[in-house]
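So you can see what is in the structure, the chains are spelled out below.
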Amino acid sequence: MSHIPPESSKVLEIYLLIAQYPMLASPIRRQMRQELFRRGIITPERFEQEIKEHAIQSQQREGVPAKSEPDERWDIRYHRIRRTLTDFYFAYNLPVDLLHSIIDNLLAGIPNREEIPAELTLRFNPELAPLEMVLRQAEEYESLPPDQLATVDHHLQELRVVLLKSLISDQLAFIRIAKQWFTTADFNYVVDHRIGTGKVGGKAAGMLLAYKILQNTAPQIFDQVVLPRSYFVGADVFYDFLAINDVAFMDQKYKPMEQIRSEYPMIQEQYSQARFPEEIADRLREILEEVGRRPLIVRSSSLLEDNFGTSFAGKYQSHFCPNQGTPKENLRDLTLAIRRTYASVYSPDALMYRKRMDLLDYDERMAILLQEVQGERHQQMYFPTVAGVAFSTSPMVWNPRLKREQGFVRLVLGLGTRAVERMANDYPRMVNLSHPQLRPEVTRKAIRYYSQHHVDLLDLDHNQMVTQPLEAVLGPDFAPLRWIASVDDGDTIRPPLSPGLNLDPGKLVLTFEGLLQRSDFVPLMKTILSSLAEQYQLPVDVEFTLSLTPADGKPALAFHLLQCRPQKQWGAEGPLQPLPTGLQDEDRVFLCTRMVPQGHVSQIEYLVYVDPEAYFRLQAPHDFAEVARLVGLLNRALEGHTFVMLGPGRWGSTDHTQGVPVTYADIFNTRALIELASQKGGYASEPSYGTHFFQDLVESQIYPLAISLEEAGDFLNLDFLVQAKNRVAEFIPQESAARGCIRVVHVPGERPGWQLEIAMDGESGLGYLVRSGQQP
């Protein structure tokens, strides 16, 4: 343990190890002394002299006259000190493995060994014992015959729990499941692949647990499941890094939001220039030699990440390292990636998320999950054929035939960044596993428009991550082409019947129809998701890549497991109610009919409305960023009130021409985030679910809705929003072009005694006004 000096810890380990064999304690220590004498560590004469010296000193401390102590008391004192000195000298000078060999040899020489087993009773406190000792004891228990194993199962469970808490995660919900599946072989794997000390963090924990669950509960598909080569930078290294660099900004989480935002760039710069612990750098150098020129990814794995109810999805940074430079350059890039990930602990989004989830006071150390990037080389490009995120329960459906409980997948070609983030004018393939061919889009034009047009990949020649147009990546020489792409011939979108050299890459559309219709992908995903959800006793989401080995019939699939975490659901306030009917037109605020969740938001007091026309009339790029900043100010000013936000296009877009570029820190107090789409206005709303941004909304109980202003059935009461008194100046006194885009409507101020309600039944979402305390 950390409060015991290393030498004392080793002495304690030796003492407790010998205590497990009380009948062999004397011969064990006799052979220990023989090893000390044989190796010249101390002579027998000097050892005997030290025993007597320490015995006399102990008499003096106790006030016992040397010549008056009875012989039997002197013998007890002598042998106690001899035992202590034996353990002490052995601990300081010889490895514990040698002691294990001594014990094993003594046991092997006993004719009726079964009569003198290691004590089945656990004779030490695992919480206080050294990690190696706990692991060794667990190994011995696991090696017992079944009848003896049954008698120590309670001890073995305790040892596994201690190992889980020491090496992987101390989150109780995780431990409840993991203690059923982890064995000493798994703990040894973590120890062998861990760099430094400390737990490996939440992201690594979720990945390892999912792998163990599938190994034990889904043997029929487990040969298709691949765990990437992984290394773990322990969470304690984060504190070692802080200590040697004497970095500032340690108390960021308690500062005002504006100060957190303004200081974060300075933190990023300071961390990028900081030194790395030398012993950790040496181990990273060894890992780079082991992996050769395989690309790597540095992934955050904080202690809180991917926990039950708090995923921290997208809050911390991850960085790709193509790993194509010189050894010195590769080590520089790798340590820089780790330092940048460390700095993201203090990002505004991460800190506001922690505040929103009431985790601000928690010790948030950052571990690192270092993995080989899963993929294949295609010319100078490196990327996986398929990457995606899958949900065991679909949060929303676009057709009544779809079954939520059979799961949902977002698929992309290339690195998985486009599966978990919203990209401007780029769309993953969305699949409900109950009816994989039933798309949200129907027409040829819509299918092509709502598809992936760019690919994120690693350019090995230039040693960097890049984004390339689809036609620059795919061609007739791409072996898995027929499983992932279709051809737009101007009339229909069809399979590439004969992908010859005359195939025009510009006509390719990523549909993944071949994968969905003519491979085992759908049943494979259903099995994986259902197996994990059953053991978690909660819905889960999984990030993965897929390798396809082409064949004449079905392609051979390899499922590369990258991440698994519990999937939080929206909590309806009471039983699901049908949408109200018989409303007056002036009492209907909005109606949306596409991809609506289930739930209800009551007693809404404020609406924050970003006027699309005013927003898109802005000229300077900084004005768009200023709109996002002002939305963030309103988010904080309205804390404690129930409010919703409406705005054009995609909330959270990185491209301000697609929507207001807010982050989680700007919107986490709202109860609903409503996106307005208009073909005439040129701004669209693409469903965000499955993305990190979507995960934020779910965990914060924020309902995402989309209103298509020209869609039959959708409706927005613009008269109510525009004619109501704009109260934005009460919260943002200073006039600006950005403020001119925003309207703040106080519902009770417009309709005294009334409030806004939102009802969502999974097919439609209705915002309506109702008298306080009444239902229509």
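Keep in mind that this is a model prediction, so the values were computed, not measured. (Residues numbered from 1 in each chain as written. Predicted model: local features only at pLDDT ≥ 70, side-chain atom pairs only at ≥ 80, totals over all residues. Heavy atoms only, no water.)

> With reference to specific residues and values, describe the overall build of the protein.
Broken down by element type, the protein carries 29 helices and 28 strands. Expressed along its principal axes, the backbone C-alpha trace of the protein runs to roughly 105 × 65 × 50 Å. The buried share of the protein, reckoned over its 776 residues, is 57%. Long-range contacts, defined here as pairs at least 24 residues apart, represent 75% of the contacts in the protein between residues at least 6 apart. (Helix = DSSP H or I, 4+ residues; strand = E, 2+ residues; numbered from the N terminus. Buried < 20%, exposed > 50% of the residue type's maximum accessible area, 1.4 Å probe, protein only. Contact = heavy atoms within 4.5 Å.)

> Give me the lowdown on unusual backbone geometry, citing residues and values where you can.
If you check the backbone angles, phenylalanine 512 has positive phi at about 60° while not being a glycine. Along the chain, phenylalanine 512 falls in the loop between strand S16 (508–510) and helix H21 (513–517). The residue methionine 595 is not glycine, and still its phi comes out positive at about 55°. Within the element layout of this structure, methionine 595 appears in the loop between strand S19 (588–592) and strand S20 (598–604). On the basis of relative accessibility, which here comes to 6%, the residue methionine 595 falls in the buried class.

> Please set out the side chain of arginine 283 residue by residue, giving values where relevant.
Inspection of the secondary structure puts arginine 283 in helix H14 (residues 278–291). The contacts of arginine 283, once residues within four sequence positions are left out, are Asp192, Ile195, Tyr231 and Glu290.

> Describe helix H11 (residues 202–217), naming the residues involved and giving the relevant values.
With 16 residues, H11 should reach 22 Å at 1.5 Å per residue; the first-to-last C-alpha distance of 22 Å fits that figure. The buried fraction of H11 amounts to 13 of the 16 residues, a majority that puts the element mostly inside the structure. (Expected span 1.5 Å × (residues − 1).)

> Lay out the sheet that holds S16 in plain terms, naming residues and giving numbers.
Read across the sheet, three strands follow the order S15-S14-S16 without closing on themselves; strand pairing throughout is antiparallel. Each edge of the sheet is formed by a strand with only one pairing partner; in this case those strands are strand S15 (493–494) and S16. Note that strand S14 (residues 485–488) and S15 share two bridges and pair antiparallel. Bridge pairing links valine 487 to arginine 494 in S15. (Pairing = 2+ DSSP bridges.)

> An account of the sheet that holds strand S25 (residues 715–716) is needed here, citing residue identities and associated values.
Taken in spatial order, the five strands line up as S20-S27-S28-S19-S25 in an open sheet, and their pairing is antiparallel. The open sheet has two free edges, formed respectively by S20 and S25, since each of these has just one partner strand. With four bridges joining them, S19 and strand S28 (residues 765–771) adopt antiparallel strand pairing. Looking across to S28, one finds that cysteine 592 is bridged to glycine 765.

> Run through the packing of aromatic side chains, naming residues and quoting values.
The tally for this structure, following the rule as stated, stands at 27 aromatic pairs. Between tyrosine 353 and tyrosine 664 the ring centres are 5.4 Å apart and the planes differ by 55°, which places this aromatic pair in the tilted class. Of this pair, tyrosine 353 sits in helix H16 (residues 348–356) while tyrosine 664 sits in helix H25 (residues 664–667), placing them 311 residues apart in sequence. Taking 5.1 Å as the distance between ring centres and 80° as the angle between the ring planes, the aromatic pair formed by tyrosine 615 and phenylalanine 616 counts as edge-to-face. Here tyrosine 615 falls in the buried class, since its relative accessible area comes to 0%. For phenylalanine 616, a relative accessible area of 29% corresponds to the partly exposed category. (Phe/Tyr/Trp six-rings, centres within 6.5 Å; stacked < 30°, edge-to-face > 60°.)

> Outline the nonpolar core, listing residues and values.
Of all hydrophobic cores here, the largest spans 112 residues; its most connected members are Ile168, Leu411, Leu413, Leu474, Ile484 and Phe521. Per-element accounting of this core gives the leading share, nine residues, to H11. When neighbours within four sequence positions are excluded, isoleucine 168 is seen to be in contact with Leu163, Phe174, Phe182, Phe187, Val190, Lys199, Val200, Gly201 and Ala205. Among the nonpolar cores identified, the runner-up in size contains 47 residues, and Phe238, Leu304, Leu331 and Tyr664 belong to it. (Core = buried A, V, L, I, M, F, W, Y, C linked by side-chain atoms within 4.5 Å.)

> Lay out the environment of alanine 628 in plain terms, naming residues and giving numbers.
Assignment of secondary structure puts alanine 628 in helix H24 (residues 621–637). Not counting chain neighbours up to four residues away, the residues in contact with alanine 628 comprise Val660, Pro661, Val662 and Asp666.

> Can you tell me about the domain arrangement of the protein, naming the residues and giving the values?
Split into domains, the protein comes out as domain 1 (6–192), domain 2 (214–373), domain 3 (404–566) and domain 4 (585–771). Computed over C-alpha atoms, the centres of domain 3 and domain 4 are 32 Å apart. (Domains from an automatic or database assignment.)

> Go over the pattern of salt bridges with me, naming the residues and quoting the values.
Considering all chains together, one arrives at 38 salt bridges under this definition. Glutamate 140 is paired through a salt bridge with arginine 136; the nearest N and O atoms lie 3.4 Å apart. Highlighted residues: glutamate 140 and arginine 136, both in helix H6 (residues 131–142), separated by four residues, approximately one helical turn. In this structure arginine 136 comes out as partly exposed when scored by relative accessible area, which is 22%. (Salt bridge = Lys/Arg side-chain N within 4 Å of Asp/Glu carboxyl O.)

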